[in-house]
Amino acid sequence: MNIFDELEWRGLIADCTDKAELMKRLGAGAVTLYCGFDPTADSLHVGSLVPLLALRRFQLFGHHPIAVAGGATGLIGDPSGKTDERQLLSQEALAANIASVKAQLSRLLDFQIGQNPARLVDNADWTASVSFLDFLREVGKHFSVNMMVGKESVRARMEDRESGISFTEFSYMLLQAYDFLHLCRESDCELQIGGSDQWGNITAGIELCRKKLGKTVYGLTLPLITKADGTKFGKTEAGTIWLDPKRTSVYRFYQFWIRTDDRDVIRFLKYFTFLHQEEIAALEARHQAAPESRDAHQALARELTALIHGSAATAEAVRASEILFGGALEGVSAATFGEIVGEVPSKEIPKAGLDGGGSALVDLLVTAGLCPSKGQARKDIAGGGIYVNNVRENRVQRSVTADHLLFGQHLLLRKGKRNYVVLTARERA
């Protein structure tokens, strides 16, 4: 299987320039290709993964990937897929964002491999010295306004009478085309890839390379990810799912993939993992036979979390996830349990109330809101539906003391299979 076949099987080709010619070129030998990203934040997010993982897929097939950080284009803002103009960032903010993102890219691309190492470049390096007049003469003269207005990313914004499109964003297409020209001229780059919303920008670069260099270059777009339930991919009620663990914890990242809709999980295994066709086929068969086993979801979550955060962090996330499904707490770390505290309802109680003989479990269940009354709490305990630190408790007269606190601070109460509350004991002034 060649790289084009691989991408087609995974459903990762939205469009491309002259399929037959592109396949012929890819089959003739290694190709240098690039994908750009504008560092509008100090972290990539899961929506950035498909094109960047595609660069890695090309690299695994022997091609030469270049990741282009938009130190220049990021100062402008790409209007593609946007209804409003982006807030302009300062050069200092962009530089800080690029520095933060570099470490994340090293997990997605191999910059050390000897034969075809990935490269990370910044388009500010070749645009900073170009004057406005020089840019108009070298690039602008090759584009008609009629052609630019015809591009979907521009036309959609022009049809919005409220916001419209500024000349700044209107010019973005020319800057991206200039990137392709520079990389083609200096690095023999022949292919640009990106999301399907980048098609207009990519074809503009192809035209510029043809007009300025007389060279045939290619474009390939990848699908923008949609979810079966119609909600936006990469977003949750808590917000965007980032790759930086300081923005999105490893546990929440893992849970994002675990909670994938059953209708999406096989498609996402193809999009986001490097599992082979046979492995995904086996997971698909198990998923169809017994979707409740969640084998496909677990494989998706493990693969993505290990890719972005490493195996040790993934093991901690799996451990935390198991606890919320009734797993034992022996050996769990404070950090892992801390992730759980942020995922389930929690309440504070005075630590002094656990001194001496402690507090009655029935009282704590009412305080936690798991039972509406002490009478109901007694019935739930006697019926075997109450768990203290994930251990079933059937003693109605049970008391809880400070000795039962996890890490000297927390008590995990559960009613039934899924109703959890964490009581956190605090010293009162």
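Presented here is a report on the structure given in the accompanying data block. Because the structure is predicted, anything quoted here is derived from the model rather than measured.

Conventions adopted
Residues numbered from 1 in each chain as written. Predicted model: local features only at pLDDT ≥ 70, side-chain atom pairs only at ≥ 80, totals over all residues. Heavy atoms only, no water. Helix = DSSP H or I, 4+ residues; strand = E, 2+ residues; numbered from the N terminus. Buried < 20%, exposed > 50% of the residue type's maximum accessible area, 1.4 Å probe, protein only. Contact = heavy atoms within 4.5 Å. Areas by Shrake-Rupley, 256 points an atom, 1.4 Å probe, with all protein chains shown as cover. Lys, Arg positive; Asp, Glu negative; His and termini not counted. Charge placed at Lys NZ, Arg CZ, Asp CG, Glu CD. Salt bridge = Lys/Arg side-chain N within 4 Å of Asp/Glu carboxyl O. Core = buried A, V, L, I, M, F, W, Y, C linked by side-chain atoms within 4.5 Å. Phe/Tyr/Trp six-rings, centres within 6.5 Å; stacked < 30°, edge-to-face > 60°. Lys NZ or Arg CZ within 6 Å of the ring centre and 35° of its normal. Pairing = 2+ DSSP bridges. Axes fitted to C-alpha atoms, helices over the stretch in contact; angles between N-to-C directions. 1 Å grid on protein atoms, 1.4 Å probe; cavity = no way out; pocket = protein on both sides within 12 Å on 5 of 7 lines; lining within 4 Å. Points joined across faces, edges and corners; volume = space filled by probe spheres on them. Nonpolar A, V, L, I, M, F, W, Y, C, P; charged D, E, K, R; others polar.

**Some points on the overall build of the protein**
The number of helices and strands found in the protein is 19 helices and 15 strands. The buried share of the protein, taken over its 429 residues, is 48%. The contacts in the protein between residues at least 6 apart in sequence include a share of 73% that link residues at least 24 apart. Total accessible area computed for the protein in this model is approximately 20200 Å², and 50% of it derives from carbon and sulfur atoms. Charged side chains of the protein number 50 positive and 52 negative; the gap between the two group centres comes to 4 Å.

**Some points on the pattern of salt bridges**
In total, this model carries 17 salt bridges according to the counting rule given. For K19, the salt bridge goes to E8, with nearest N and O atoms at 2.9 Å. In this pair, K19 is assigned in helix α2 (residues 19-28) and E8 in helix α1 (residues 3-9), connecting sequence segments 11 residues apart. Accessibility expressed as a relative area gives 38% for E8, which makes it partly exposed. Among the ionic pairs, R25 bridges to E190, the shortest N-O distance being 2.8 Å. With R25 in helix α2 and E190 in strand β5 (residues 189-195), this pair connects stretches of sequence that are 165 residues apart. A residue is classified by how much of its surface remains accessible, and E190, at 12% relative accessible area, is buried.

**A few points about the nonpolar core**
Counting 61 residues, the largest nonpolar core has L49, I193, W257 and F272 as its most contacted members. Contact partners of I193, with chain neighbours within four places excluded, come to L33, Y34, C35, P51, A54, L55, F58, I202, L220 and L222. Of all hydrophobic cores here, the second largest spans 28 residues; its members include I66, I76, M173 and C189.

**Side note on the packing of aromatic side chains**
Overall, the coordinates contain 13 aromatic pairs when judged by the stated rule. Aromatic pair F253 and W257: ring centres 6.1 Å apart, planes at 70°, arrangement edge-to-face. Here F253 pairs with W257, and both are found in helix α12 (residues 250-258), just four residues apart, close to one helical turn. Here F253 and W257 have matching classes, each one buried. Between the aromatic rings of Y271 and F272, the centroid separation amounts to 6.2 Å while the plane-to-plane angle is 75°, which identifies the pairing as edge-to-face. Given a relative accessible area of 0%, F272 falls into the buried group. Of the aromatic side chains, those joined through ring pairs into one cluster are F233, F253, F256, W257, F268, Y271 and F272. The residue whose ring lies beneath R57 is F274, and the NZ or CZ to ring-centre distance is 4.6 Å. Sitting above the plane of the Y387 ring, R414 keeps its charged end 3.8 Å from the centroid.

**Focus: the side chain of D380**
Along the chain, D380 falls in helix α19 (residues 374-382). Apart from the residues lying within four places of it in its own chain, the contact partners of D380 are C371, G385, I386 and K415.

**A closer look at the sheet that holds strand β6 (residues 218-222)**
Ordered by their spatial adjacency, six strands build an open sheet running β1-β6-β5-β2-β3-β4, and the pairing between neighbours is mixed. Pairing within the sheet leaves two strands with one partner each, and these edge strands are β1 (15-16) and β4 (119-122). Its contacts with the sheet put α2 on β1, β5 and β6, and the angle it makes with β6 is roughly 100°.

**Remarks on the sheet that holds strand β12 (residues 391-392)**
Strand order in the open sheet formed by five strands is β9-β15-β14-β11-β12, with mixed pairing between adjacent strands. Each end of this open sheet is capped by a strand with a single partner; those strands are β9 (346-350) and β12. Note that strand β14 (residues 410-415) and strand β15 (residues 419-426) share six bridges and pair antiparallel. Across the sheet, R414 pairs through a bridge with Y420, a residue of β15.

**Some thoughts on the layout of surface pockets**
Its boundaries defined by the atoms lining it, the second largest pocket holds a volume of some 590 Å³. Looking at the second largest pocket, it is lined by 27 residues, and the ones nearest its centre are I76, F132, F135, S171 and L175. With four residues, the top contributor of residues to the lining of the second largest pocket is helix α4 (residues 91-108). A per-class count over the lining of the second largest pocket returns 19 nonpolar, seven polar and one charged.

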